[in-house]
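Summary of structural features
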Amino acid sequence: MFVARSIAADHKDLIHDVSYDFHGRRMATCSSDQSVKVWDKTENGEWHCTASWKTHSGSVWRVTWAHPEFGQVLASCSFDRTAAVWEEIVGESNDKQRGLSHWIKRTTLVDSRTSVTDVKFAPKHMGLMLTTCSADGVVRIYEAPDVMNLSQWSLQHEISCKLSCSCISWNPSSSRAHPPMFAVGSDDNNVSCGGKVQIYEYNENTRKYSKAETLMTVTDAVHDIAFAPNLGRSFHVLAIATKDVRIFKLVPMRKESTSTGPTMFEVQIVAQFDNHNSQVWRVSWNITSTLLASSGDDGCVRLWKANYMDNWKCTGILKGDGSPLTGLSGQPTAMSTMMGSSVQTSQNAINGMSAGRYFFPPLEPPTVGTRYGHLLPPSSLIEHCEAEPVQPQPLALPHRLSSKTLLSLPEAEGQ
Amino acid sequence: MSGSKPDILWSPHQPDRFVICDSELGLYRIGPVGSAETKAGTLPLSEESAATLLAINSDTPYMKCVAWYPKHEPECLLAVGQANGRVVLTSLGQSHNSSCKDLVGKEFVPKHARQCNTLAWNPVDSNLLAAGLDKHRADFSVLIWDISSKYSPEASVAAEKIRLSSVDLDSSTVVTKPLYELGQNDACLSLCWLLRDPKLLLAGMHRNLAIFDLRNTSQKTFVNTKAIQGVTVDPHFHDRVASFFEGQVAIWDLRKFEKPVLTLTEQPKPLTKVAWCPTRTGLLATLTRDSNIIRLYDMQHTPTPIGDETEPTIIERSVHPCESQIGSFAWHPSSQNRMVVVSAANRAMTDFTVFERISLAWSTTTSLMWACGRHLYDCVEEGAEGVESMIEKDIATKMRQRAQSRYGHDTIQVWRNHVLAGGNDPQLKSLWHDLFYMKQCAEDMELKLQGNKQSVVYSGIKNIVKTSSGTTESRRCWSGSDRQTDVPRYHSEERCLALRLCGWISRGPEIDMEAFLRSLEQEREWERAAAVALFNLDIRRAIQILNKGATAEKGDLNLNVVAMALSGYTDEKSSLWREMCSSLRLQLKNPYLCVMFAFLTSEPGAYDGVLYESSVAVRDRVAFACMFLNDAQLPRYIDKLTNDMKEAGNLEGMLLTGLTKDGVDLMESYVNRTGDVQTASFCMLKGSPGEVLKDPRVQCWIENYRNLLDAWRFWHKRAEFDIHRGKLDPTSKPLAQVFVSCNFCGKSISYSCSAMPHQGRGFSQYGVSGSPTKSKVTSCPGCRKPLPRCALCLMNMGTPVSNCPGTGKSDEKVDLTRENKLAQFNNWFTWCHNCRHGGHAGHMLSWFRDHTECPVSACTCKCMQLDTTGNLVPSDSS
């Protein structure tokens, strides 16, 4: 069961991106107010803003962390056509004691002639590399040859994707069997332009990135794209936010040692969900790529999980404003509201938005005997999931509002 | 407003009031659903809100447009434009103070009657009301009325005329002389006052957009365009204006008024309303006819007047507030992104909030952060306790919990690892038991044969039975029955080993299952025990076990019935018993009871009913196969089962594959399915050091698992894992990371230590050295020059430090035992990589507890703050 609580963000305009660092103890947010904020988590689980500074002269679209091995480094990209690299330094004053840290700009990447829509660091094993994509359809890969000097970045590759790019994702696999690979999505609205997701792979021989695959079935504008953490799997999983949530599996075909071309992939669509009813804006994988979160125009965050048969289904719906926690005063009310809402939902569903917000249907425990039994197709599973949201056990409710359980992490409890 | 089609207006000052106007005006108050004032008559607008009807006004027929007076006082004053061009002031509800009384009922009458299309109150000069009218010959179409103007005598003649047509009106309330008359010989379809200068009025005329200046009414700026409907100024950028024509919206910048700065994608149906969101910059909502969708355009940039040739970023969205067709909508003036939507048909209202695009991210510890608008939400998975909840937990959570319970680290009682993992995963239970039996056999073999049989044990039953030779066949009596059976049983050394790996027999040459049966009885696995006894051709023992199961506490009495059925066993081919057993056995729920009868009723050598019963544990089926399948059948069955297991990624199959390449294949599909690299890593480390560890896939799992531990800040667990791995895979040991060289001779000060192993490995151990021939502990072992001094105690390094640090705080005494334990560590060298000052680790630590700067005079280095990661606390320390 997931429980939301609000954090006073204090951004003056819309927040466009949230990004955790490698350890999950720091967080960066960026906003239309042209600033980036860095947050640190205290031992008791509270987030404190330790830095906030103006980064660009336009909306900041995305912010991302480098692996801590390279220091405390952030990259941001903006409507002002630039991307920037930031590093935390120990200030002259006793800033740290006051809970503030100091970030300085190490470089500004000015190669794009249009809005830079996404910025991502390449996986750690490739060294310190930064990728940007921009509205003019160009992906740029920069490298810091000297990781001690973050002010020097050389533009290593410039890849034209022909379509306005909106998002980029690196394949995080560190296996030597998988050459470096990234996927780029386009928000071009024109359906006739063909596939909106392109996958590029590094070729050791030509030392260039070349297109390995275009997902021709994705023809609508793509807003976000995310490779799942590979975790030693033999295939790659890609989540796409377009007019629906889609999960693709890319299975590399066995390659003959002589062939030098890009890897051939068997592309399978694993799941496709239109529960957001409209555009899906973001997708994000958890660390083991067993949970996917998506957000859409219905104002909800949805959680997806696969069962042991690789059937994905919705395991949770959370309202985007976290309203239940703030709006409910006592537990009895909470229960009745939930019951009431479920009834109402079936009649005049406001975009599926009201659908039992705290409903987390328990997954059937994998019993030995029913290995191949009664599996419904994914869509009907979802129907089923929304039809009976009265499920949440009343026992779980008293816990929900107690602040202790909210703040402490499971790991802390184990001590 | 054409009769039936409703419109909504929010009160400019009371955030809970709005007016719906169609043929009459209805004033509503919006409130939370559960509030005490909720009465039966409320209309639900959403889950949380409901509206109460406060007042209805049907005094003004033929309404065409309505505008709400923008000032606080009088509240609820509305201007209504009628089909005949008159503008009437009217009020809704309570407030009947003097100023309001004067105004309510006032009428503003144009010279020629024609439809009034639009009304707009001046936002600053609030007694100015602009009305846009249809064309009437050469007459003016934009009239600006002063509502405070009194009845004008010069207009009395005209007023008289009008009185003839509307008798009920008081002549003193009729105004016929507008303050300004604009837009001659034209029609006006939409109007709005410009916010940057309240003397300017923007009007959508017949074929142009015109800006009139009240200071100089003879002049106007205009641009020819078709997009003249619904002009509206962006409340956040006063130079930005939207207007529409048919299905197309044009956005204008008043600073370069020649052409639209952009036009939005054309809709197939004509638009009916376009409105800027008052609470959020750059959000424009549009509505087309006969639609249940409100389309939103998110203009995510600051408009610049000149010199910006880039296309602005516009994100198109659509929201779907209700199922029915939308008549109109209105943004709430102050609530963030909130609007009320009214349906075209039945005045059904919906309270609706447009959510911002939510961006989200998972943390490493399975908590979800998302940003919606300007707010952040942290969402954590609640740690639900109990075995049941463990099943539905995500593998990431499971792995974290298992890492903390030292899962995988029990190298003696290997099977215990499944208990450490939570003890409720049958596959893990099977896997760790397999590994336990393999280890047992391997140790045993070594003692017995001294040969290299170990690899055979770990190569899995699949390989073991392949090499099987010298199989003997035996026919044994059913014990407890005097009949000679024709059930052949096969024996060989390899099959015996396989049975041991299955856990059916323990060491020793004899096939003695009694120990196994007793342990099963202890585990209360009655059915399984009975089946094993039966497969051992001991029908009496099987019956005995079933009886025990039936009489045991919470036992199943049905077992007695099964025992009864069993006791009737006959090998008569055509007996009723046989017939009934083979048909009724399928109704038995317990797979073991089912296979018992399958075994009894099948022909020798044709045991498919047992072998392919997938609910029976693989180990039991394999053990059965090893006993009853001949040399031709056995490898075929094992191969098939192995392939099935590999495909399914079922860890029970590890028994068959062993820790071979096949095993890695099986584990690969398990990892593909579950992502459980933890089990994969620990399992592969259990085997004999061999090829499997060199497999790139195994290395990849290990790396991924270590990376996970790092990301969770389980550094201690990672280190323990590395130690564990180093024991089994010596190649993974990292080389020494740091060497300290002497200032004088340049030799490593530890170099000589390793050259003289009898002196101990660590430098700190020098302190106890008593021999005069050995070099002094505070000097370089190479050149005997003294080592540098500690910046705090100013002693040469190598001196044993006292246990009580210099600060001498009282509470540190309590910690004395702990300090004693750390004494060795306190002696260690430490230094700052930045300023290269250092000293004894203990001294340094206690210094930096109270200080931020380096203890060396005039050095301002903030040694302890340099490394952010260094300040992170491992989350798995006790």
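Because the structure is predicted, anything quoted here is derived from the model rather than measured.

Let us now look at the overall build of chain A. Scanning chain A from terminus to terminus reveals six helices and 25 strands. When burial is assessed residue by residue, chain A has 59% of its 415 residues classed as buried. A total of about 16,600 Å² of accessible surface is found on chain A, and carbon and sulfur atoms cover 52% of it.

Here we come to the overall build of chain B. Helix and strand content of chain B: 27 helices and 36 strands. A buried classification covers 53% of the 878 residues belonging to chain B. Contacts in chain B between residues far apart in sequence, at least 24 positions, make up 51% of those at least 6 positions apart. Total accessible area computed for chain B in this model is approximately 39,800 Å², and 53% of it derives from carbon and sulfur atoms.

Attention now moves to the domain arrangement of chain A. All names here are of chain A. With domains assigned, chain A is organised as domain 1 (14-93 + 102-160) and domain 2 (191-207 + 217-320). Computed from C-alpha atoms alone, the centre-to-centre distance between domain 1 and domain 2 is 24 Å. If you look at the interface, domain 1 gives seven residues, while domain 2 gives six residues. Here domain 1 packs against domain 2, burying approximately 420 Å² in sum over the two surfaces, 34% of which is carbon and sulfur. Among the residues domain 1 hides against domain 2, the three largest losses belong to R62, H157 and I159. Together they make up 68% of the total. Taken together, domain 1 and domain 2 are joined by two salt bridges.

Before going further, it helps to spend a moment on the pattern of salt bridges. Residues and elements named next belong to chain B. Enumeration according to the criterion identifies 59 salt bridges over all chains in this entry. A salt bridge links R215 to D197, with the nearest nitrogen and oxygen atoms 2.6 Å apart. Here R215 is found in the loop between β17 (208-213) and β18 (216-224), whereas its partner D197 is found in the loop between β15 (188-193) and β16 (200-205), with 18 residues between them in sequence. Take R215: its relative accessible area is 52%, and that puts it in the exposed class.

Moving on, we get to the environment of A648(B). All names here are of chain B. As for its placement among the helices and strands, A648 is situated in helix α18 (residues 633-648). When the C-alpha atoms of A648 and L666 are compared, they prove to be 8.0 Å apart, with 18 residues separating the residues in sequence. Excluding its chain neighbours within four sequence positions, the residues that come into contact with A648 are S669 and R673.

All names here are of chain A. The UniProt record annotates "repeat: WD" (unreviewed entry) at residues 8-40 and 273-305. Its end C-alpha atoms 14 Å apart, residues 8-40 is made of 0% helix and 55% strand. Along residues 273-305 one finds 0% helix and 58% strand; the C-alpha atoms at either end are 12 Å apart.

Attention shifts here to the side chain of S289(A). Residue and element names in this part refer to chain A. Of note, S289 is situated in the loop between β22 (280-285) and β23 (291-296). A polar contact of 3.1 Å, which involves the side chain of S289, links it to the backbone oxygen of P229. The residues touching S289, leaving out its near neighbours within four places in the chain, are A228, P229, R233 and W312.

Here the focus is the sheet that holds strand β25 (residues 294-299) of chain B. Note: strands within a sheet are paired through backbone hydrogen bonds, in either parallel or antiparallel orientation. All names here are of chain B. Here four strands make up an open sheet; going across it, the order is β23-β24-β25-β26 and the pairing antiparallel. Whereas interior strands pair on both sides, the edge strands pair on one side only; in this sheet they are β23 (271-276) and β26 (314-319). Averaged over neighbouring strand pairs, the angle between their axes works out to 20° when direction is ignored. As defined by bridge partners, β23 adjoins strand β24 (residues 283-288) across five bridges and the pair is classed as antiparallel. Bridge assignment links K273 to a residue of β24, and that residue is L287.

So, about the side chain of R706(B). Along the chain, R706(B) falls in helix α23 (residues 696-711). Other than its neighbours up to four places away in sequence, R706(B) contacts R718(B), F721(B), D722(B) and R725(B).

A word on the nonpolar core. Ranked by size, the top nonpolar core spans 113 residues in total, and within it I461(B), W504(B), F599(B), V622(B) and M667(B) carry the most contacts. In this view, M667(B) contacts L651(B), M654(B), T679(B), A680(B), C683(B), M684(B) and W701(B); residues no more than four positions away in its chain are not counted.

Next up on the list: a nonpolar patch on the surface. A surface patch of nonpolar side chains, about 380 Å² in accessible area, is lined by F825(B), W828(B), L845(B) and M864(B). Assignment of secondary structure puts W828(B) in the loop between α26 (816-826) and β35 (829-831).

Turning our eyes to something else, we now look at the pairing of β15(B). Most of β15(B) sits inside the fold, with five of its six residues counted as buried. Connecting β15(B) to the next strand, β16(B), in antiparallel fashion are six residues.

Turning our attention to the confidence of the model for chain B. Residues and elements named next belong to chain B. On average, residues of chain B carry a pLDDT of 79, and 82% of them reach 70 or more. Confidence drops under pLDDT 50 across residues 152-169; counting only partners more than four residues distant or on other chains, this segment forms 13 contacts. With pLDDT under 50 throughout, residues 801-819 is counted as low confidence; its partners more than four residues away or in other chains account for 15 contacts. Complex prediction metrics read pTM 0.79 and ipTM 0.79.

All names here are of chain B. Strands sit in the order β6-β7-β8-β9-β13 across an open sheet of five strands; the sheet is mixed. Edge positions in the sheet fall to β6 (63-68) and β13 (174-175), since each of these pairs with one other strand and no more. Strand direction decides the pairing type here: strand β7 (residues 77-82) and strand β8 (residues 87-91), joined by five bridges, are antiparallel. Counted as the bridge partner of L78 is T90 from β8.

Rules and cut-offs
Residues numbered from 1 in each chain as written. Chains lettered and ligands numbered in written order. Predicted model: local features only at pLDDT ≥ 70, side-chain atom pairs only at ≥ 80, totals over all residues. Heavy atoms only, no water. Helix = DSSP H or I, 4+ residues; strand = E, 2+ residues; numbered from the N terminus. Buried < 20%, exposed > 50% of the residue type's maximum accessible area, 1.4 Å probe, protein only. Areas by Shrake-Rupley, 256 points an atom, 1.4 Å probe, with all protein chains shown as cover. Contact = heavy atoms within 4.5 Å. Domains from an automatic or database assignment. Buried area = accessible area lost by both parts, 1.4 Å probe. Salt bridge = Lys/Arg side-chain N within 4 Å of Asp/Glu carboxyl O. UniProt positions renumbered as here; feature names shortened; annotations may be inferred. Polar contact = N/O pair within 3.5 Å; in protein donor to acceptor, adjacent residues only side chain to side chain. Pairing = 2+ DSSP bridges. Axes fitted to C-alpha atoms, helices over the stretch in contact; angles between N-to-C directions. Core = buried A, V, L, I, M, F, W, Y, C linked by side-chain atoms within 4.5 Å. Patch = residues over 30% accessible without salt bridge, like charges linked within 9 Å, V, L, I, M, F, W, Y side chains within 5 Å. pLDDT = per-residue confidence, 0-100.

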